[in-house]
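# Chains, contacts and geometry: an overview
Here is how the chains run, residue by residue.
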Amino acid sequence: MRNVKPSSSGVEEAELEAAEAPRLGARIRELRQEQGLTLEALAERSGVSRAMISKVERGTNNPTLVVAVRIAQGLGVGLSELMSRPRPKQARVLLPPEQQPTFRDAESGAVRQLLVPPFETRDVEFVRFTLPARASTGELPGKGVAVGKYLAVEKGTLRIDFPDGSVTVESQDAFYFEADVPHAFVNVGRGECVFYFAMARGPR
């Protein structure tokens, strides 16, 4: 998805979200049809209702981050692949802001930017996350396997909630965890929280 620098105008941000919804929906439909899945089958695999998936595919509903992640898992892909079609690997690639695949959650205000090219090999994923004050991503589903995430907070205070407890990561702290269980990112500070995470990926 196309990234546009944040604007101070709520109207412009709403227009951006409205413009991006059809692109995401078309990509979901493309992947679903490539796999020969019906809406009902994807709903069963993702835990997202058929009605919601249908609205997302038609571009009439911009999903939350949690819904998008669940749909991606139902399709057997990462969120980054849901946002942008993978391409052959190149020796050198420059990604200016407008070319960084970006997901904006209108409900929480979370912004997720992919900072590496979406190569077909998908050997690594490097993401910049921005969370408004007191915002939460909601509970993100576990990946089912022990995929390691390397996280560092640039600004603010981040709490990561797990089924067995929480960890608070302050500005300049680094943290590693295995994303095989549900977890949520929560900005517990009074200002914006910016953090990065990287994880190794491999072919499906």
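Residues numbered from 1 in each chain as written. Predicted model: local features only at pLDDT ≥ 70, side-chain atom pairs only at ≥ 80, totals over all residues. Heavy atoms only, no water.

As recorded in an unreviewed UniProt entry, the protein chain goes by the name Helix-turn-helix domain-containing protein, listed as coming from Archangium minus.

Across the sheet, 6 strands lie side by side as β1-β2-β3-β9-β4-β7; this open sheet has antiparallel pairing. The open sheet has two edge strands, β1 (102-104) and β7 (174-178), and neither has a second partner. Neighbour to neighbour, the strand axes of the sheet diverge by 20 degrees on average, direction disregarded. Sheet topology note: the strand β2 (residues 111-114)/strand β3 (residues 124-131) ladder contains 4 bridges and is antiparallel. Pairing of Leu114 across the sheet is with Val127, part of β3. (Pairing = 2+ DSSP bridges. Helix = DSSP H or I, 4+ residues; strand = E, 2+ residues; numbered from the N terminus. Axes fitted to C-alpha atoms, helices over the stretch in contact; angles between N-to-C directions.)

On the basis of which strands lie adjacent, the open sheet formed by 3 strands has the order β6-β5-β8 and antiparallel pairing. Taken across any chain shown, the strands that pair with only one partner, and hence form the sheet edges, are β6 (165-169) and β8 (184-187). Neighbour to neighbour, the strand axes of the sheet diverge by 25 degrees on average, direction disregarded. Judged from the 4 bridges that link them, strand β5 (residues 158-162) and β8 form a sheet pairing that is antiparallel. Bridge pairing links Leu158 to Asn187 in β8.

Among the 10 residues of helix α4 (residues 65-74), 8 are classified as buried, and the element is accordingly described as predominantly covered. Count one or two residues on from α4 and you reach Gly76, which has phi positive near 75 degrees. (Buried < 20%, exposed > 50% of the residue type's maximum accessible area, 1.4 Å probe, protein only.)

Here the focus is the confidence of the model for the protein chain. Detail in the predicted coordinates should be disregarded across regions flagged by low pLDDT. When the pLDDT values of the protein chain are averaged, the result is 87; 89% of them are 70 or greater. Low pLDDT, under 50, characterises residues 1-19; the stretch is placed with 24 contacts to residues that sit more than four places away or in other chains. (pLDDT = per-residue confidence, 0-100. Contact = heavy atoms within 4.5 Å.)

Orientation of helix α2 (residues 39-46) relative to helix α3 (residues 50-58), taken along the N-to-C sense of each, is 115 degrees, at an axis distance of 9 Å. In terms of orientation, α2 lies roughly perpendicular with respect to α3. In this structure, α2 crosses over α3, and the sense of that crossing is right-handed. Between α2, through Leu39, Glu40, Leu42, Ala43 and Ser46, and α3, the contact on the second element is made entirely by Arg50, Ile53, Ser54 and Glu57. When its residues are assigned to classes, the contact of α2 with α3 shows 4 nonpolar, 2 polar and 3 charged. (Parallel < 35°, antiparallel > 145°, perpendicular 65-115°, else oblique. Left-handed = near helix turned anticlockwise from the far one by under 90°. Nonpolar A, V, L, I, M, F, W, Y, C, P; charged D, E, K, R; others polar.)

Along a regular strand, successive side chains alternate from one face of the sheet to the other. Alignment of β3 against strand β9 (residues 193-200), held across 8 bridges, turns out to be antiparallel. Directly across from Leu131, in β9, lies its bridge partner Cys193.

Turning next to the environment of Val67. Residue placement: Val67 occurs in helix α4. Relative accessible area serves as the criterion here: at 18%, Val67 is assigned to the buried category. Sequence spacing of Val67 and Ser46 is 21 residues, and the spatial spacing of their C-alpha atoms is 8.7 Å. Ignoring any residue separated from it by four or fewer positions in sequence, one finds Val67 in contact with Val48 and Met52.

In this structure the tally under the stated criterion is 8 salt bridges. In this structure, the salt-bridge partner of Arg112 is Glu125, at a minimum N-O distance of 2.9 Å. You can see Arg112 sitting in strand β2 and its partner Glu125 sitting in strand β3, a full 13 residues away along the chain. In this structure, Arg112 and Glu125 share a single accessibility class: buried. Via salt bridges that share partners, Arg27, Glu30 and Arg85 belong to a single interconnected network. (Salt bridge = Lys/Arg side-chain N within 4 Å of Asp/Glu carboxyl O.)

Glancing now at the packing of aromatic side chains. In this description, an aromatic ring pair is defined by two values, namely the gap between the centres and the angle between the planes. By the definition in use, this model includes 10 aromatic pairs. Arranged with centres 6.4 Å apart and planes meeting at 70 degrees, the rings of Phe177 and Phe185 form a pair that is edge-to-face. Residue Phe177 is classed as buried on the basis of its relative accessible area, which comes to 5%. Residue Phe185 is classed as buried on the basis of its relative accessible area, which comes to 0%. Residue placement shows Lys149 over the ring face of Phe197; its charged tip is 4.3 Å from the ring centre. (Phe/Tyr/Trp six-rings, centres within 6.5 Å; stacked < 30°, edge-to-face > 60°. Lys NZ or Arg CZ within 6 Å of the ring centre and 35° of its normal.)

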